[in-house]
Amino acid sequence: LVRFDGYEFRAVGVPNSRGKRDASSFVRSLLASRDGRIWVGTDNEDLAVYDPAQESWSFLRSEGFRGTVRSLVEGTDGAIWAGFVGGGLHAIDPKTLQITRWGGDQGLPDDRIQALLVDRDGQIWAGTWSGLAVRRAGQSRFELAPGELALKGRSINALYQDRRGHVWVGTQRGELLRQRGAVVEWLDQGDSGGGTVNALLDMAGDSIWLARGNGLV
């Protein structure tokens, strides 16, 4: 983990399961929550939380934490959702730090969570190595995304909602889909040569930037 203080970059030691700080920890995901804390997911089953007000770290560990933390998002209720590759999905109460695990019994198609999205309606989208699932607001289970958007058997690499409310889905194979209301559009069948879809960003106007395996689009 590296911090830019306005003048230079400084390496920051992240606590690990042995209580030591390791500036060389492989950080996979970062989230700045609305309460000002920074959540850090690492490559060794660790989840650390930095409180800038107290200038202190806290460390979360659970028997269910397995694999790397690939994605972190904050729900509309303030809960922190952490997606592990191999350990499923975990919802964390930011006040009590109580952890609730979500897996196949709760409707997820795979315990390997690669991407997460909380949309403007409060729905939680979970991109796994075996397709896309969604938990509707107020529901207690996930379900496969509707129709072809479920992308069964595909590894979902990127999820994004643009300013118009459209949900974008990118896969390891290089496929790119956009959901506009009830309409699902295939923008890339994976045969364009662009490579894996890793990230998306909504820019001014109607521009969407894509970080792909073969470059920036």
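As a reminder, the structure under discussion sits directly above these lines.
Keep in mind it's a predicted model, so treat the numbers as computed, not measured.

Here is what the cut-offs are and how they apply
- Residues numbered from 1 in each chain as written.
- Predicted model: local features only at pLDDT ≥ 70, side-chain atom pairs only at ≥ 80, totals over all residues.
- Heavy atoms only, no water.
- Phe/Tyr/Trp six-rings, centres within 6.5 Å; stacked < 30°, edge-to-face > 60°.
- Buried < 20%, exposed > 50% of the residue type's maximum accessible area, 1.4 Å probe, protein only.
- Helix = DSSP H or I, 4+ residues; strand = E, 2+ residues; numbered from the N terminus.
- Pairing = 2+ DSSP bridges.
- Core = buried A, V, L, I, M, F, W, Y, C linked by side-chain atoms within 4.5 Å.
- Contact = heavy atoms within 4.5 Å.
- Patch = residues over 30% accessible without salt bridge, like charges linked within 9 Å, V, L, I, M, F, W, Y side chains within 5 Å.
- Areas by Shrake-Rupley, 256 points an atom, 1.4 Å probe, with all protein chains shown as cover.
- Salt bridge = Lys/Arg side-chain N within 4 Å of Asp/Glu carboxyl O.

### Some thoughts on the packing of aromatic side chains
Alright, step 1. One pass over the structure, following the stated rule, counts five aromatic pairs.
Alright, step 2. Residues Tyr50 and Trp57 carry aromatic rings whose centres are separated by 5.1 Å and whose planes lie at 45 degrees to one another, so their mutual orientation is tilted.
Alright, step 3. For Tyr50, a relative accessible area of 17% translates into the label buried.
Alright, step 4. Ring geometry for Trp102 against Phe142: centres 5.6 Å apart, planes inclined by 85 degrees, an arrangement best described as edge-to-face.

### Some remarks on unusual backbone geometry
Alright, step 1. Phi is positive for Leu97, which is not a glycine, with a value near 60 degrees.
Alright, step 2. With respect to the helices and strands, Leu97 occurs in the loop between β11 (88–92) and β12 (99–102).
Alright, step 3. Given a relative accessible area of 29%, Leu97 falls into the partly exposed group.
Alright, step 4. The phi dihedral of Leu151 falls on the positive side, at around 50 degrees, and the residue is not glycine.
Alright, step 5. By the secondary structure assignment, Leu151 is in the loop between β16 (143–144) and β17 (156–161).

### A short note on the sheet that holds strand β23 (residues 215–216)
Alright, step 1. What the three strands build is an open sheet, ordered β21-β22-β23; its pairing is antiparallel. The sheet terminates laterally at β21 (197–202) and β23, the two strands that pair on one side only.
Alright, step 2. Pairing of strand β22 (residues 208–212) with β23, which is carried by two bridges, proceeds in the antiparallel orientation. Looking at β23, one finds that Ala211 is bridged to Leu216.

### Notes on the nonpolar core
Alright, step 1. The biggest cluster of nonpolar side chains holds 14 residues, and the ones touching the most others in it are Trp81, Leu89, Trp102, Leu108, Leu116 and Phe142.
Alright, step 2. Residue assignment for this core shows that the elements contributing at least two residues are β11, β13 (113–118) and β14 (124–128).
Alright, step 3. Here this core gets three residues from one element, more than from any other, and that element is β13.
Alright, step 4. Ignoring anything within four residues of it in the chain, the contact list for Trp81 reads Ser71, Leu72, Val73, Gly75, Leu89, His90, Ala91, Trp102, Leu116, Ile124, Arg135 and Phe142.

### A word on a nonpolar patch on the surface
Alright, step 1. Taken together, Leu201, Met203, Trp209 and Leu216 make up a surface patch of nonpolar side chains, about 390 Å² in accessible area.
Alright, step 2. Looking at the element boundaries, Trp209 is found in strand β22.

### Quick look at the pattern of salt bridges
Where charged atoms of side chains with opposite charge meet at close range, the side chains can pair.
Alright, step 1. The tally for this structure, following the rule as stated, stands at twelve salt bridges.
Alright, step 2. Here Asp110 makes a salt bridge to Arg112, at a shortest N to O gap of 2.8 Å.
Alright, step 3. For Asp110, a relative accessible area of 10% corresponds to the buried category.
Alright, step 4. The salt bridge partner of Arg180 is Glu185, with a shortest N-O separation of 3.0 Å.
Alright, step 5. Judged by relative accessible area, Arg180 falls into the partly exposed class, the value being 39%.

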